[in-house]
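Working through the structure, step by step
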There are 4 protein chains.
Amino acid sequence: MSEKPVCLVLGAGAGIGGTVGKKFAAEGYHAVLARRSDEEGLNRMVGDIEAAGGSATGRLVNAVAENAIEDLVAEIERDIGPIKTVVFNLGAQIGNRPLEATEPKMFQLGWQMATFGLFRVARAVIPLMVERGGGSILVTSATAAVRGNTGQHSHAAAMGGRRMLCQTLNAEFASKGVHVAHILIDGAVDAPDTLGKLMGPERFQELREQRGLEHDGLLLPEKVAETYYHVAHQHRSAWTHELDLRAFSDLAWWNHPIKI
Amino acid sequence: MSEKPVCLVLGAGAGIGGTVGKKFAAEGYHAVLARRSDEEGLNRMVGDIEAAGGSATGRLVNAVAENAIEDLVAEIERDIGPIKTVVFNLGAQIGNRPLEATEPKMFQLGWQMATFGLFRVARAVIPLMVERGGGSILVTSATAAVRGNTGQHSHAAAMGGRRMLCQTLNAEFASKGVHVAHILIDGAVDAPDTLGKLMGPERFQELREQRGLEHDGLLLPEKVAETYYHVAHQHRSAWTHELDLRAFSDLAWWNHPIKI
Amino acid sequence: MSEKPVCLVLGAGAGIGGTVGKKFAAEGYHAVLARRSDEEGLNRMVGDIEAAGGSATGRLVNAVAENAIEDLVAEIERDIGPIKTVVFNLGAQIGNRPLEATEPKMFQLGWQMATFGLFRVARAVIPLMVERGGGSILVTSATAAVRGNTGQHSHAAAMGGRRMLCQTLNAEFASKGVHVAHILIDGAVDAPDTLGKLMGPERFQELREQRGLEHDGLLLPEKVAETYYHVAHQHRSAWTHELDLRAFSDLAWWNHPIKI
Amino acid sequence: MSEKPVCLVLGAGAGIGGTVGKKFAAEGYHAVLARRSDEEGLNRMVGDIEAAGGSATGRLVNAVAENAIEDLVAEIERDIGPIKTVVFNLGAQIGNRPLEATEPKMFQLGWQMATFGLFRVARAVIPLMVERGGGSILVTSATAAVRGNTGQHSHAAAMGGRRMLCQTLNAEFASKGVHVAHILIDGAVDAPDTLGKLMGPERFQELREQRGLEHDGLLLPEKVAETYYHVAHQHRSAWTHELDLRAFSDLAWWNHPIKI
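Residues numbered from 1 in each chain as written. Chains lettered and ligands numbered in written order. Predicted model: local features only at pLDDT ≥ 70, side-chain atom pairs only at ≥ 80, totals over all residues. Heavy atoms only, no water.

Assigned secondary structure in chain A consists of eight helices and seven strands. Compactness check: chain A gives a C-alpha radius of gyration of 18 Å against a globular reference of 18 Å for 260 residues, within 12% of the reference. C-alpha extents for chain A along the principal axes are approximately 60 × 40 × 40 Å. By residue count, 64% of the 260 residues in chain A fall in the buried class. Of the contacts made within chain A by residues no fewer than 6 positions apart, 73% connect residues no fewer than 24 positions apart. Total accessible area computed for chain A in this model is approximately 9400 Å², and 50% of it derives from carbon and sulfur atoms. (Helix = DSSP H or I, 4+ residues; strand = E, 2+ residues; numbered from the N terminus. Rg over C-alpha atoms; globule rule 2.2 N^0.38 Å. Buried < 20%, exposed > 50% of the residue type's maximum accessible area, 1.4 Å probe, protein only. Contact = heavy atoms within 4.5 Å. Areas by Shrake-Rupley, 256 points an atom, 1.4 Å probe, with all protein chains shown as cover.)

This is the structure:
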């Protein structure tokens with residue numbers, strides 16, 4: 001059993017998820033990094049954390065499988081220690097596609113990961129947090145949670161539902177010490193695992209160079225992680241439920257080039 | 001085959017759904033009223049429409065069953081006529097209940113009806129509407145689409161996802177002539193089938209009397225139907241995507257008694 | 001004194017304001033059309049209404065002058081008849097300009113027209129409406145009421161304040177029978193007096209042709225007027241507080257070309 | 001001239017404003033504390049900061065007086081040092097009052113402080129920040145910025161306008177290094193200068209005891225200040241434009257007791 005508080009990251013890729021895990025590990029948490037695939041990448045992240053003097057555990061988990069999330073929570077609580085923070089970083093990003101190319105199975109998969117996944121982890125972990133007097137769930141969200149664009153049938157529906165679920169969870173559990181934060185990532189993240197794969201390596205590199213400036217025209221995961229850590233440690237007299245994050249060089253989602 | 005344009009109502013209970021169907025029938029549409037149960041009530045609605053000189057068809061349909069919505073659309077298009085308007089009135093209201101009493105199956109059912117159901121009918125009917133140059137989908141929504149309250153885990157997640165789906169559909173299809181309207185019903189409806197059942201007949205009657213005034217302290221379905229009909233017939237140069245409806249005597253969802 | 005109910009239009013230009021006035025006149029109201037300048041244009045509008053069998057009065061009014069709005073309301077109530085509907089159509093559109101080119105006087109002028117003007121007419125007319133048991137105020141609003149874009153310092157601040165004022169007025173007076181509707185015009189209006197002047201005649205004509213389709217790629221004032229009239233006549237059991245209007249061919253303000 | 005970066009607090013009362021000033025001073029800023037009245041209280045705050053090893057300047061300023069804000073900025077830049085952060089904490093809270101008791105002068109005063117005041121300080125300081133490559137403006141906001149309640153005619157209109165102004169400023173200046181953060185304080189603050197005066201000492205003490213818990217059922221200014229400081233120091237690749245803060249024991253503004 002770890003003496004440290006545990007931070008469970010669901011969706012611990014090389015972008016925001018893994019980087020937030022590293023930050024929490026650097027600050028004294030035991031990080032449990034869970035992701036669906038890429039055992040090698042996962043081991044490297046665990047190794048990096050340990051090399052820096054931190055402690056971490058890696059788990060390959062298919063979050064949509066029955067009981068996978070519930071079992072993971074139970075196992076951590078039994079074998080590693082009480083979960084103090086969950087970083088919910090499962091995406092529903094299947095790439096923009098028109099309605100007719102969005103198969104019902106895809107639509108459902110987006111919901112299973114992004115909405116149902118949060119419900120399941122909340123249901124498994126919140127009663128334990130309440131019993132222990134507190135805990136936090138940091139939910140990585142996307143602009144699609146607040147407006148639906150062309151081609152985002154699955155993504156927007158999943159993310160929009162998730163935001164309302166966050167509000168419901170806070171309404172029910174904030175007064176019992178559980179803090180749920182909806183963190184809207186409004187822009188492109190410098191993340192090879194997600195954006196890099198979506199765009200392909202060449203276009204991704206092009207984007208990095210074009211947004212480059214001093215390499216901060218994209219959201220840098222290690223800077224994003226600073227705010228995650230801050231929010232998880234806000235005093236309970238001053239909790240943030242919703243916030244947005246974007247690069248200074250980006251327009252907010254509510255701005256766009258003048259129509260006329 | 002009907003000479004009339006067809007209005008398909010999914011969720012044609014004795015409240016908003018059935019009443020909007022009656023309004024469209026009264027204005028010259030053939031109304032197809034679909035609901036899950038209560039054949040007697042369904043037949044009575046069809047009979048009322050016919051007695052008033054209109055035309056209607058009733059269908060008992062379990063909307064979450066595989067292909068049920070898709071088959072219904074295909075059947076109507078083949079046997080009755082082209083669907084011009086869909087009134088999507090399927091609710092996800094399972095009554096407020098705390099997280100631990102919200103079984104995963106319930107959470108999923110809310111989504112299947114309120115979010116996935118809209119996706120499925122949109123996918124079935126929009127390509128036909130685009131081909132014909134136009135059509136409209138009127139989506140009955142709830143306050144839970146814009147904020148999650150205690151006990152609304154399933155309902156809010158389903159409704160919030162649905163609102164984002166409506167925005168996605170408009171972004172993709174408005175310019176092709178398909179008008180999706182998200183109609184937020186922000187208050188109690190004078191509807192024996194839903195609110196009446198939820199509250200029980202006695203408390204419902206009490207509420208009616210208390211809100212009574214001239215019987216309009218609750219949302220009256222026949223008055224709500226006026227606005228549904230107006231929105232479906234807005235000229236395409238001036239379409240409403242989102243609007244709210246509430247009784248004059250009610251506070252809007254964003255107002256509440258001063259905290260201090 | 002008129003036997004007819006009175007509809008007062010503040011900002012009765014050749015776009016939405018005047019056209020809504022015409023619609024109300026055509027439906028049996030006496031329209032009082034108030035605008036700052038262009039007596040000839042004003043007389044033409046009154047003449048058109050009378051030629052069509054309606055009745056109307058024109059007034060040149062500088063709405064920001066002290067007591068101008070208050071005196072106009074008092075005069076109408078004394079000489080013409082009780083005001084049943086106010087169409088508040090005063091804009092704060094001074095054209096986009098950077099912060100350093102936005103003089104404090106301009107910033108203030110935007111507020112005086114768009115925010116303070118509504119406050120003043122509300123304060124003058126609502127007590128009379130409450131005494132008579134009802135009335136409505138239809139507020140023409142802009143996308144700037146819900147998000148601030150580059151160059152809109154004055155416009156967005158004025159419109160955003162106005163929207164909150166509408167919510168306050170409804171919270172305080174809806175239960176007393178006064179219905180305030182915030183109508184967000186989200187797109188370019190086919191209006192020579194405002195957009196035409198802003199763009200200049202040539203670019204305006206270009207825009208009309210480009211959006212042309214069947215001349216409805218811009219918001220057509222006479223179609224917008226249909227919805228104004230509908231909202232003003234909603235039964236009090238089903239009032240809309242906020243709605244948006246845009247051409248089918250336009251993206252909603254929350255949509256924009258994908259960033260990446 | 002100070003070697004330290006300067007943090008200018010407009011509205012430096014004993015609640016959020018002064019406490020945020022103290023926090024910045026403790027972290028190495030020179031704090032300039034400006035408030036309208038209570039020289040004694042102001043001197044005490046400056047003394048406290050100096051006693052703790054920090055540096056600060058106090059100024060009594062009537063922010064609505066012509067050129068008061070502009071002159072203050074010029075004086076600081078000339079005599080003390082370049083302003084790196086502005087904390088804009090001027091309120092428009094005149095207490096809830098019905099429309100008829102809201103004199104036009106009061107309505108205007110709310111706007112002059114809360115909206116025009118921000119415009120003026122932005123216009124004075126942003127060009128300097130742009131020239132220096134960066135700076136931040138932290139705007140204390142209220143729930144009235146996102147919804148208008150009964151009795152908040154002046155307050156809501158002023159705050160709603162202010163939020164849109166913040167968005168406009170970010171849209172125009174974020175890419176030039178100026179970060180504007182709209183911080184929605186959604187709940188009662190443990191602040192004797194504002195809430196204490198509004199409620200009277202007895203009712204305020206009652207509220208503190210009732211919300212007491214471990215004295216954190218109200219927003220504690222020193223905890224709020226932690227987040228202000230964090231936001232002002234976010235790396236420019238990950239800026240927050242809008243966030244909310246409330247005590248864990250409070251419901252969010254979008255939640256309220258179920259209507260039925």
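The interface is formed by 38 residues belonging to chain C together with 38 residues belonging to chain D. Carbon and sulfur atoms make up 67% of the surface buried where chain C meets chain D, a total of about 3000 Å² over both sides. The three residues of chain C that bury the most area against chain D are Leu 99, Trp 111 and Arg 123 of chain C, which together make up 20% of that side's buried surface. The closest approach of N and O atoms between Arg 123 of chain D and Glu 103 of chain C, which form a salt bridge, is 3.8 Å. Those elements giving two or more residues to the side of chain C that touches chain D turn out to be α4 (104–132) and α5 (153–173) of chain C. If one sorts the elements of the side of chain C that touches chain D by residue count, α5 of chain C sits on top with 13 residues. Looking at the side of chain C that touches chain D residue by residue, the class counts come to 19 nonpolar, 13 polar and six charged. (Buried area = accessible area lost by both parts, 1.4 Å probe. Salt bridge = Lys/Arg side-chain N within 4 Å of Asp/Glu carboxyl O. Nonpolar A, V, L, I, M, F, W, Y, C, P; charged D, E, K, R; others polar.)

Opposite the 38 residues of chain B that make contact, chain A presents 38 residues. Around 3100 Å² of area is buried between chain B and chain A when both sides are counted, 67% of it from carbon and sulfur atoms. For the chain B face of the interface with chain A, the top three residues by lost area are Leu 99, Trp 111 and Arg 123 of chain B, together amounting to 21%. Run the count over chain B and chain A and you get 16 residue pairs in polar contact (both at pLDDT 80 or more). (Polar contact = N/O pair within 3.5 Å; in protein donor to acceptor, adjacent residues only side chain to side chain.)

Our focus in this paragraph is helix α8 (residues 221–232) of chain A. Along an α-helix, residues three or four positions apart point the same way, because every turn accommodates 3.6 residues. The first and last C-alpha atoms of α8 of chain A sit 16 Å apart over twelve residues, in line with the 16 Å expected at 1.5 Å per residue. Counting buried positions along α8 of chain A yields nine of twelve residues, so the element is predominantly enclosed. Looking at the buried positions of α8 of chain A, the neighbouring elements they touch are α1 (16–26), β4 (83–88), β5 (135–142), β6 (178–185) and β7 (242–245) of chain A together with α8 (221–232) of chain D. (Expected span 1.5 Å × (residues − 1).)

With that out of the way, let us pick up the environment of Ala 174 of chain C. Secondary-structure assignment places Ala 174 of chain C in the loop between α5 and β6 (178–185). Separated by 39 residues in the primary sequence, Ala 174 of chain C and Gly 135 of chain C place their C-alpha atoms 9.7 Å from one another.

Another point: the pattern of salt bridges. Residue and element names in this part refer to chain B. Under the defined criterion, the tally for this structure stands at 52 salt bridges over all chains. A salt bridge links Arg 44 to Glu 40, with the nearest nitrogen and oxygen atoms 3.7 Å apart. With Arg 44 and Glu 40 both in helix α2 (residues 39–51) and four residues apart, the pair spans about one turn of that helix. When its relative accessible area of 60% is taken as the criterion, Glu 40 is described as exposed. A salt bridge links Arg 246 to Asp 186; the nearest nitrogen and oxygen atoms lie 2.7 Å apart.

All names here are of chain A. Taking 1.5 Å of rise per residue, twelve residues should cover 16 Å, and helix α3 (residues 68–79) covers 16 Å from first to last C-alpha, within 8% of that figure. The set of residues buried in α3 consists of Ala 68, Ile 69, Leu 72, Val 73, Ile 76 and Glu 77. Looking down the long axis of α3, one finds its buried residues gathered within 160 degrees of arc, a one-sided arrangement. The secondary structure elements touched by the buried residues of α3 are β1 (6–10), β2 (30–35), β3 (55–60), β4 and α4 (104–132). Backbone geometry just after α3 places Gly 81 at a positive phi near 160 degrees. (Arc of directions from axis to C-beta.)

For the pair chain C and chain D, the superposition axis carries a translation of 0.0 Å, the fit reaches an RMSD of 0.0 Å, and the rotation angle comes to 180 degrees. Interpreted geometrically, this transformation is the action of a two-fold axis. Considering only C-alpha atoms, the part of chain C nearest the rotation axis is Gly 161 of chain C, at 2.0 Å. (Least-squares fit on C-alpha atoms with pLDDT ≥ 70 in both.)

A positive phi angle, near 70 degrees, is found at Asp 38 of chain B, a position not held by glycine. Locating Asp 38 of chain B in the fold gives a position in the loop between β2 (30–35) and α2. Asp 38 of chain B sits in the partly exposed class, given a relative accessible area of 33%. The backbone phi angle of Asn 67 of chain C is positive, close to 65 degrees, even though this residue is not glycine.

Moving on, we get to the relation of the copies chain B and chain A. Superposing chain B onto chain A takes a rotation of 180 degrees plus a shift of 0.0 Å along the axis, which leaves an RMSD of 0.0 Å. Interface overlap between copies is the fraction of interface residues in one copy that are interface residues in the other; for chain B against chain A it reaches 100%, indicating a shared surface.

Attention shifts here to the packing of helix α6 (residues 192–199) of chain B against helix α7 (residues 201–210) of chain B. All names here are of chain B. Look at α6 against α7: their axes get within 6 Å of each other, and the N-to-C directions meet at 115 degrees. Comparing their axes, α7 and α6 come out roughly perpendicular. Helix-helix and strand crossings are classified by hand; for α6 and α7 the assignment is right-handed. Residues Pro 192, Leu 195, Gly 196 and Met 199 of α6 form the contact with α7, whose participating residues are Pro 201, Arg 203, Phe 204 and Leu 207. For the contact of α6 with α7, the class distribution of residues is six nonpolar, one polar and one charged. (Axes fitted to C-alpha atoms, helices over the stretch in contact; angles between N-to-C directions. Parallel < 35°, antiparallel > 145°, perpendicular 65-115°, else oblique. Left-handed = near helix turned anticlockwise from the far one by under 90°.)

With that out of the way, let us pick up the side chain of Arg 246 of chain A. Topologically, Arg 246 of chain A is positioned in the segment after β7. A polar side-chain atom of Arg 246 of chain A sits 3.3 Å from a polar atom in the side chain of Asp 244 of chain A. A distance of 3.0 Å separates polar atoms of two side chains, one belonging to Arg 246 of chain A and the other to His 241 of chain D. Residues contacting Arg 246 of chain A, with those up to four places away along its chain left out, are Asp 186, Leu 219, Leu 251, Ala 252, Trp 253 and Trp 254 of chain A together with Arg 236, Ser 237, Ala 238, Trp 239 and His 241 of chain D.

Residues and elements named next belong to chain C. Counting buried residues in strand β1 (residues 6–10) gives five out of five residues, a clear majority hidden from the surface. Residues Val 6, Leu 8 and Leu 10 line one face of β1 and the alternating positions Cys 7 and Val 9 line the opposite face, and both faces are buried. The sheet contact formed by β1 and strand β4 (residues 83–88) spans five bridges and is parallel. From the neighbouring strand, Cys 7 faces β4, where its bridge partner is Thr 85. (Pairing = 2+ DSSP bridges.)

To continue, consider the confidence of the model for chain A. Mean pLDDT for chain A: 93, with 96% of residues reaching 70 or above. Interface predicted TM-score (ipTM) for the complex: 0.94; the corresponding pTM is 0.95. (pLDDT = per-residue confidence, 0-100.)

Here the focus is the packing of aromatic side chains. Under the criterion given, the structure shown has 44 aromatic pairs over all chains. With a centroid separation of 5.0 Å and 70 degrees between ring planes, the pair formed by Phe 24 of chain D and Tyr 229 of chain D is classed as edge-to-face. Of the two residues, Phe 24 of chain D sits in helix α1 (residues 16–26) while Tyr 229 of chain D sits in helix α8, which places them 205 residues apart along the sequence. By relative accessible area, Phe 24 of chain D is classed as buried at 0%. These aromatic residues form a ring-pair network of at least three members: Phe 107, Trp 111, Phe 116 and Phe 119 of chain A together with Phe 107, Trp 111, Phe 116 and Phe 119 of chain B. One Lys or Arg, Arg 246 of chain A, reaches over the ring of Trp 254 of chain A and ends 4.9 Å from the middle of that ring. (Phe/Tyr/Trp six-rings, centres within 6.5 Å; stacked < 30°, edge-to-face > 60°. Lys NZ or Arg CZ within 6 Å of the ring centre and 35° of its normal.)

Let's shift gears to the packing of helix α1 (residues 16–26) of chain B against helix α8 (residues 221–232) of chain B. Residues and elements named next belong to chain B. At their nearest, the axes of α1 and α8 sit 8 Å apart, and the two run at 55 degrees to each other. In terms of their interaxial angle, α1 and α8 are classed as oblique. Considering how the two elements wind past one another, α1 and α8 form a crossing that is right-handed. For the pair α1 and α8, the contacting residues are Ile 16, Thr 19, Val 20, Lys 23 and Phe 24 in the first and Pro 221, Glu 222, Val 224, Ala 225, Glu 226, Tyr 228, Tyr 229 and Ala 232 in the second. Of the residues assigned to the contact of α1 with α8, the class counts are nine nonpolar, one polar and three charged.

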